[in-house]
Each structure stands twice: as C-alpha cells, then as structure tokens.
Amino acid sequence: MTRVFVTLGPSESVFVVFRPQARRIDPAITLLADGKPLATVTELAPQITIEKAIYGVPGDPARSRDVRQEVRAKLAAGQYRFPVTDMAAGGDPAYHVVKTLQVEYTYRDRRFSVRARDGDSVHINPEAATIVVEKALYGVLDDPKRTRDVRALVQRWADAGESSFPVARLAAGDDPAFGIVKTLVLEYTLEGKRVSIRATDPDTVVLAQAQSAPPPAELTVDGAGQVRLRASQPGRYEIRLASGQVLKRTVAPALLQPVEIAGPWEVTFPQPAGLPGPIRFDRLVSWTERPEPQVKFFSGTAVYRTRFTAADALRQPGQRVLLDLGNVQVIARVRLNGQDLGVWWRAPFVRDITGVLASGDNRLEVEVTNLWPNRMIGDEHLPEDSDRNPNGTLKKWPDWLLAGKPSPTGRQTFTTWRLWKKGDPLLESGLVGPVRLVPVVCQ
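So, here's what we can say about the structure.

Here is what the cut-offs are and how they apply
- Residues numbered from 1 in each chain as written.
- Predicted model: local features only at pLDDT ≥ 70, side-chain atom pairs only at ≥ 80, totals over all residues.
- Heavy atoms only, no water.
- Helix = DSSP H or I, 4+ residues; strand = E, 2+ residues; numbered from the N terminus.
- Buried < 20%, exposed > 50% of the residue type's maximum accessible area, 1.4 Å probe, protein only.
- Arc of directions from axis to C-beta.
- Contact = heavy atoms within 4.5 Å.
- Phe/Tyr/Trp six-rings, centres within 6.5 Å; stacked < 30°, edge-to-face > 60°.
- Lys NZ or Arg CZ within 6 Å of the ring centre and 35° of its normal.
- Salt bridge = Lys/Arg side-chain N within 4 Å of Asp/Glu carboxyl O.
- Core = buried A, V, L, I, M, F, W, Y, C linked by side-chain atoms within 4.5 Å.
- Pairing = 2+ DSSP bridges.
- Axes fitted to C-alpha atoms, helices over the stretch in contact; angles between N-to-C directions.
- 1 Å grid on protein atoms, 1.4 Å probe; cavity = no way out; pocket = protein on both sides within 12 Å on 5 of 7 lines; lining within 4 Å.
- Points joined across faces, edges and corners; volume = space filled by probe spheres on them.
- Nonpolar A, V, L, I, M, F, W, Y, C, P; charged D, E, K, R; others polar.

1. Quick word on unusual backbone geometry
Cis rather than trans, the peptide bond between Gly 263 and Pro 264 has omega equal to 10°. Structurally, Pro 264 is set in the loop between strand 19 (259–260) and strand 20 (265–268). The phi torsion at His 96 lies on the positive side, around 60°, for a residue other than glycine. Here His 96 is to be found in the loop between strand 5 (81–83) and strand 6 (100–107). Look at His 96 and you get exposed, because its relative accessible area is 84%.

2. What to know about helix 2 (residues 151–159)
Listing the buried residues of helix 2 in full gives Val 154, Gln 155, Trp 157 and Ala 158. Each buried residue of helix 2 sits inside an arc of 160° when the element is viewed along its axis, so together they form one side. Buried residues along helix 2 sit in contact with strand 9 (131–139), strand 11 (164–166) and strand 12 (183–190).

3. Regarding the packing of aromatic side chains
Within this structure, the stated rule accounts for 10 aromatic pairs. Pairing Tyr 105 with Phe 112 gives two aromatic rings, centres 5.3 Å apart and planes at 20°, and the pair type is stacked. The same class applies to Tyr 105 and to Phe 112, which are both buried. Taken together, a centroid distance of 6.2 Å and an interplanar angle of 40° make the contact between Trp 397 and Phe 414 tilted. Here the residue Trp 397 occupies a position in the loop between helix 4 (373–379) and helix 5 (399–402), and Phe 414 occupies one in the loop between helix 5 and strand 29 (430–433), the gap between them amounting to 17 residues. The class of Trp 397 is partly exposed, set by a relative accessible area of 47%. Its relative accessible area of 22% is what places Phe 414 among the partly exposed residues. An aromatic cluster is built from Trp 265, Phe 281 and Tyr 304, whose rings are joined through pairwise contacts. Against the face of Trp 157 rests Arg 169, its NZ or CZ located 3.9 Å from the ring centre. The side chain of Arg 290 reaches across the aromatic face of Phe 281, ending 4.2 Å from its centre.

4. Side note on the pattern of salt bridges
All chains considered together, the criterion is met by 34 salt bridges. Between Asp 66 and Arg 68 there is a salt bridge, with its nearest N and O atoms 2.8 Å apart. A relative accessible area of 32% means that Arg 68 is categorised as partly exposed. Among the ionic pairs, Asp 340 bridges to Arg 333, the shortest N-O distance being 2.7 Å.

5. Here's the deal with the nonpolar core
Core analysis: the largest hydrophobic core is formed by 35 residues, its most contacted members being Trp 265, Tyr 304, Leu 323, Leu 325, Leu 364 and Leu 431. Secondary structure elements with two or more residues in this core: strand 20, strand 21 (279–281), strand 22 (301–310), strand 23 (319–324), strand 25 (331–336) and strand 28 (360–369). Broken down by element, this core gets its largest block of residues, four residues, from strand 22. Setting aside residues up to four positions removed in sequence, Tyr 304 forms contacts with Trp 265, Glu 266, Val 267, Phe 281, Leu 284, Trp 287, Leu 364, Glu 365, Val 366, Val 368, Gly 430 and Leu 431. Grouped together as the second largest cluster of nonpolar side chains are 22 residues, Val 133, Leu 170, Leu 186 and Leu 207 included.

6. Brief notes about the sheet that holds strand 4 (residues 64–66)
The strand order across the open sheet built from four strands is 4-3-6-7, with neighbouring strands paired in antiparallel fashion. Unpaired on one side and paired on the other, strand 4 and strand 7 (110–117) mark the two borders of the sheet. When the angles between neighbouring strand axes are averaged without regard to direction, this sheet yields 15°. Direction of pairing for strand 3 (residues 48–56) relative to strand 4: antiparallel, over a ladder of three bridges. Bridging from a neighbouring strand, Ile 54 pairs with Asp 66 of strand 4. Contacts from helix 1 (residues 68–76) reach strand 3 and strand 4 within the one sheet, and its direction differs from that of strand 3 by about 130°.

7. A short note on helix 1
Every buried residue belonging to helix 1 is among Val 71, Lys 74 and Leu 75, and all of these are buried. Across the axial projection of helix 1, the buried residues extend over an arc of 95°, all falling on one side. The outward face of helix 1, more than 90 degrees from its buried face, is lined by the exposed residues Gln 69 and Ala 76. Summarising the contacts, the buried residues of helix 1 are in contact with strand 3 and strand 5. Just beyond helix 1, the residue with positive phi is Gly 78, at close to 85°.

8. Details of the sheet that holds strand 21
Hydrogen bonds between backbone atoms are what pair the strands of a sheet, whose relative direction is either parallel or antiparallel. Spatial ordering of the open sheet is given by 21-20-22-28-25-26, a layout of six strands whose pairing is antiparallel. Of all strands in the sheet, those bounded by a partner on one side alone are strand 21 and strand 26 (339–344). The sheet shows a mean angle of 25° between the axes of neighbouring strands, direction not considered. Where strand 25 and strand 28 come together, six bridges link them in antiparallel fashion. The residue bridging Val 334 from the neighbouring strand is Val 366, located in strand 28.

9. Re empty space enclosed by the protein
According to the stated counting rule, one finds three cavities of 30 Å³ or more in the structure shown. For the largest cavity, the calculated volume is near 150 Å³. Val 140, Leu 141, Thr 183, Asn 391 and Trp 417 are the residues nearest the centre of the largest cavity, which is lined by 14 residues in total. Estimates place the volume of the second largest cavity at around 60 Å³. As for the second largest cavity, its lining consists of Met 376, Asp 379, Glu 380, Arg 411, Thr 413, Phe 414, Thr 415, Arg 418, Leu 419 and Trp 420. A breakdown of the residues in the lining of the second largest cavity according to their chemical character gives four nonpolar, two polar and four charged.

Rendered as structure tokens:
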C-alpha cells in the first residue's frame, strides 16, 4: 500500500497526484533548520506534551485528581477530542457533582490550556487560541422572543479548545425558533484582535483559523531525482534521507532580502459599481476601509495594476524568486508582464516567478474577487424595492424582476430572504497584502 500523511488547517486543500511511473529516489524523511525540525514524515501525529491535567471540582484538591496518564493514553490512541466524563472511568473524585477537566500542554515550544466540564468534550488542539466572546445572539434577530444569548455556551466551547462548530448546534436543547433558519451574530477577540461573524444554521463557524504562510524552507526533487533545498530564510539546514545519508546546507543572510511591491496601485472596478474610472491605492487596504461607498460595499472582481523594478541582485545564480501576495480576500488571477499565472485560490498565495520576472521594469496585474455579503449589506442602505414580511422574506415576486428590469431603487442584489442588515459587519475584501518578492536559495 501507499500511505500519504497530510496535515490540513481549516479550509485548506491540496492535490495528491499518483503518477503511473515515478523515478526512484532516496526520499527525505526529516528537514531541520538550526537543529529544529521543520518537517518530518516520521511524525504521524502532533507531538503534544501534556504538562498538567486535573479533573474534579475546581479549587477543591480533595475532590480532584491528576489525570495526566489518562489524557496521554487518549492522545497515544489518536483521540484528540474526547468526552470529559471519560476521566471518571478511572475513579470519580466527586460523585453526583459536575466536574471540570483542566489540561495544560505544549506543542512545538508553545503552551496551551483548555478547560471543559462534564457533558462537554475537550479538544487537545495544536492550533488553539485565546478567545474571549463579547457578544453571541442566536435566533430571529429582530424578534427578542425568538432570540437567545448564547455567549456563555460559545465561550464554553472555545475554552474547551473547539476551533469550529456548526451554527445549527446552538439549537440543541433550546431551539428559539423551531422550523426556521436562524442567524448567529458573534463578536469576540482572538489573541487580542476583534473578530465579527454573522452566519446562519447551514453554516459552520471557524473561530480560530490557522494562518497559512510560506514555509521558511521546503524540499523539491530535480530532474535527476536528487533532493534539493529551497530556502527563503537564512540558517543551517540538515536533510536526512531514508537511506541514512545526511545533506547539510548553509544559507547566508545576505542572500535573502525580500522586496515589497508597495505601489501605488491602480484599481479598476466594473462599471456597474458606479465609479468614473480607476482608483489610486497608495497603500493596500481592504475595500471596506475605503471612503467610497461604491468600493466599501463592492462585491465582484476588481483589477489591481502596478509597475515595479526588479534589481539584478534578485536574479543571482542558484537563487529563485517567489511572488507572495500576502492576504488575499478571497481569490485572485495573476498576470506578470502579460503572462497569465493562473488562478490563485488558497493561502499561502505564493508562486515561483523566476522565469517570468524581468530585470528592470515589470508589469503586475492581479484580479481579485470577494464574496457577496458586502454588496447585500450595502443594498440595505437603499430604499426597499419589493414587498417583504417583517423577517425579510418575500411576500410576492416584484413586477420589475418578472419583467427582467433593474431594481427601481438602485439595489444591485435580490434574494427571497434577506439575511443581512445595513449595520452588519463587512467582510474583509480585496488585495490586502503586503505584496513581496521573496528570493529563495536553491541548493
């Protein structure tokens, strides 16, 4: 058989390609940078170290016990999520009392802490984050009788290490509006940064999304079947092959100096946006931060254009250049010097452009497409164009729509059920960057 071990973050995707015939190579099994492992195929599961695990009544040592061995056994069996009540199997420290499990653990030099009580499950998550829920309302939001404050429940799940959950799960045991699609409005701080989310029952909320960034180094195989190192950060690298052979590489700091493509950028929105022509972005920001309402509430595709100069130092022998778009919301098509580099659809938004980059003047064009809630929120600032029920559902099809005409009030979107209001938070959109040229050394 063939086994492929792939680690995926939330919303992350990869292609795994099996070729009919493959060149025999001596594969790399471990890559170390300055003595620390960057990647290893022998690590089939996250190497999590349980430092502390107490189960019982908080603050009462007499009715609590150390369950480190039980938690370690769970991880050894591949269980990173398990019911807190499993800890009572080895001896219940407080019968007929709801108990709490507090676990402290480390993963790759980072310390984490999760807390959950009987009836819930605990998640030993190597991507856990500190989340403080400020607001959480669930139900039919314009009807207080059919809306619940679920702040304590969401906080409990976050404390237990959960990084995502289906919105419909909030209805379990206390459905505020049975048989109706309900909405969740959630505001929280994530590692000190404020986040706002609006979602409905069919959606899944991701509280803490793993931040994808280009790895400091990665391995490739050349045409001769030899393992090669491609590094964007200086250091002493060590590649251990399956045969036992060890390859050592050193990358000097002077060779790697990323260059930011700061702009200015000329950004063109389609004519329906109502703008007279291209807009100048002196710096890259989300469309939602722009003063123009046609940009702030825009949903669709806009085109960024700029020119930059590539120094000869970027094209040294043994060195390649990556284009890193940074933060893209949500998807992009890239052209450099007239050559189409395809659709970049997932983070990290990075590609090798060595063969396309020219010495001296270069032309960069990036088409960026976002999601549609921003335009729908913007339309809520305009007069009504259809007969609606109080909850936003449609009473009857408007005549202008049946006739195939545009909305008489200037609205650009139409739905049978309005799920967004004019005061709802906008989604970050556009090319946020920073956009950089990243030289990498190939050895």
